[in-house]
Amino acid sequence: PSVEVARVEILRISDDAQAVGSLRSRQSVMLRPEVSGRVTQINFRDADRVRRGQLLVQLDDQLPQAQVKQAEAELSIARANHRRNRELVEEKFIAQRAVDESAANMQVAEAKLALARATLARLKIVAPFDGIAGIRNTSVGDYLKDGADIVNIEDIDAMYVDFRLPERYQTKISPGQTAMIDLDALPGRRFSALVLAVDPLVDANGRSVGVRGCIDNRKLELRPGMFARVTPVFGVREGARVVPEGAIVPQGGRQFVYKLVDG
């Protein structure tokens, strides 16, 4: 009888799985004012790169500035009174109680100044980290209520890819491993992600575990929200001997192959 034969091949085999996930920014925030106010300055353009601490939006601060100057004047008077009282108590002209009261008044004045400066600082909306600004939702002259959306800031120099694996893989996946990323938006391109963390909690509904990887995106090719097909690689075996699946003959709980030899 005729039979089909094939040669044993030496290949590189990887132990992997298939999953789907989404890309997200390494850092992302929607800027919102903590207090209400009218916009007097906007110091960025849509899609501008911004730096940490950069003033982006200035709200009307005339009244808080006046309150700061008033608090500074009150503190200056309180310090002068306290200094004078300490000199007088040393010469026995006044009682120690007057010095204690002037010291308390000075502390109250310092607290008022700190409060006025904190109120003034809340009218300056600054970038919390380096990133790229989105499309703003306000203009100069708008009156913003506290908590209103202004603009989103995205740090996308590195991207996170979040995906889930069935619970049976929880002992295989670990930080430091590699996952290959394919994106429908960029067909034919493959990216490499480094596994950063594995969620210790298994989802009771889907019996799956959450995994987060990181992708180098300094070329800014990727965007948050992209759909990703993820192939986490648990291990690689070099020089594995491989035969066609049809050559394997199962008998009971064991597997056999027929080997052809000369003669």
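In case you missed it, the structure is sitting above this.
Undergrad: Give a detailed account of the overall build of the protein, specifying residues and quantitative values.
TA: Of regular secondary structure, the protein possesses 2 helices and 15 strands. Taking 263 residues into account, the globule formula puts the C-alpha radius of gyration at 18 Å, and the protein, at 33 Å, lies well above it. Projected onto its principal axes, the C-alpha positions of the protein cover 125 × 45 × 35 Å. In the protein, which comprises 263 residues, the share counted as buried stands at 30%. Considering only contacts within the protein whose residues lie at least 6 apart along the sequence, 75% involve residues at least 24 apart.

Undergrad: Can you explain the sheet that holds strand β3 (residues 37–42)? Please cite residues and give values.
TA: What the 4 strands build is an open sheet, ordered β6-β5-β3-β8; its pairing is antiparallel. One side of each edge strand has no neighbouring strand; the edge strands of this open sheet are β6 (124–126) and β8 (143–144). Relative to β8, β3 runs antiparallel, the two sharing 2 bridges. Counterpart to Arg-38 in the pairing with β8 is Tyr-143.

Undergrad: Can you break down unusual backbone geometry residue by residue, with the values?
TA: Phi at Ala-47 takes a positive value of approximately 70 degrees, unusual for a residue other than glycine. Locating Ala-47 in the fold gives a position in the loop between β3 and β4 (49–50). A relative accessible area of 56% means that Ala-47 is categorised as exposed. One non-glycine residue, Leu-220, lies in the positive phi region at around 60 degrees. Its location among the elements puts Leu-220 in the loop between β12 (208–216) and β13 (227–242).

Undergrad: Could you give an account of the pairing of strand β11 (residues 190–203), with specific residues and numbers?
TA: Sheet topology note: the strand β10 (residues 178–183)/β11 ladder contains 5 bridges and is antiparallel. What sits directly across from Thr-178, in β11, is Leu-194. Hairpin connection, β10 to β11: the antiparallel pair is bridged by 6 residues, and Gly-188 has positive phi, about 85 degrees. Where β11 folds back onto β12 in an antiparallel hairpin, the turn is made up of 4 residues, including Arg-207, whose phi is positive at roughly 50 degrees.

Undergrad: Give me the lowdown on helix α1 (residues 62–90), citing residues and values where you can.
TA: With 29 residues, α1 extends 43 Å from end C-alpha to end C-alpha; this agrees with the ideal 42 Å at 1.5 Å per step. Among the residues of α1, Pro-64, Val-68, Ala-71, Leu-75, Ala-78, His-82, Asn-85 and Val-89 are the ones counted as buried. Just past α1, the residue Lys-92 takes up positive phi, approximately 65 degrees.

Undergrad: Outline the pattern of salt bridges, listing residues and values.
TA: Counted by the stated rule, this structure contains 18 salt bridges. The partner of Arg-49 in a salt bridge is Asp-157, and the shortest N-O contact between them spans 3.6 Å. Separated by 108 residues along the polypeptide, Arg-49 in strand β4 and Asp-157 in strand β9 (residues 151–166) bring together distant segments of the chain. The class for Arg-49 is partly exposed, based on a relative accessible area of 38%. Residue Asp-157 is classed as partly exposed on the basis of its relative accessible area, which comes to 25%. The residue Arg-79 makes a salt bridge to Glu-110 at a minimum N-O spacing of 3.8 Å. In this pair, Arg-79 is assigned in helix α1 and Glu-110 in helix α2 (residues 96–121), connecting sequence segments 31 residues apart. Assessed through its relative accessible area of 41%, Arg-79 is described here as partly exposed.

Calculation criteria
- Residue positions are given per chain, counted from 1 along the sequence in the order it is written.
- Only residues with pLDDT of at least 70 get local features here, since the model is predicted, and only at 80 or more are side-chain atom pairs given and counted; chain-wide, interface and lining totals rely on the full set of residues.
- As a rule here, side-chain values cover all heavy atoms of the structure and leave hydrogens and water aside.
- By definition, any uninterrupted DSSP run of H or I lasting at least four residues is a helix, any uninterrupted run of E lasting at least two residues is a strand, and each is numbered from the N terminus.
- In this description the radius of gyration comes from C-alpha coordinates, and the expected globular size is given by 2.2 Å times residues to the power 0.38.
- Under the scheme applied here, a residue whose accessible area is under 20% of the maximum for its type counts as buried, over 50% as exposed, and between as partly exposed, the area being computed with a 1.4 Å probe on protein chains only.
- Contacts are assigned to residue pairs with any non-hydrogen atoms lying within 4.5 Å of each other.
- We call two strands paired when DSSP finds no fewer than two bridges between them.
- Expected helix span is computed as 1.5 Å times (number of residues minus one).
- When a carboxyl oxygen of Asp or Glu is within 4 Å of a side-chain nitrogen of Lys or Arg, the pair counts as a salt bridge.

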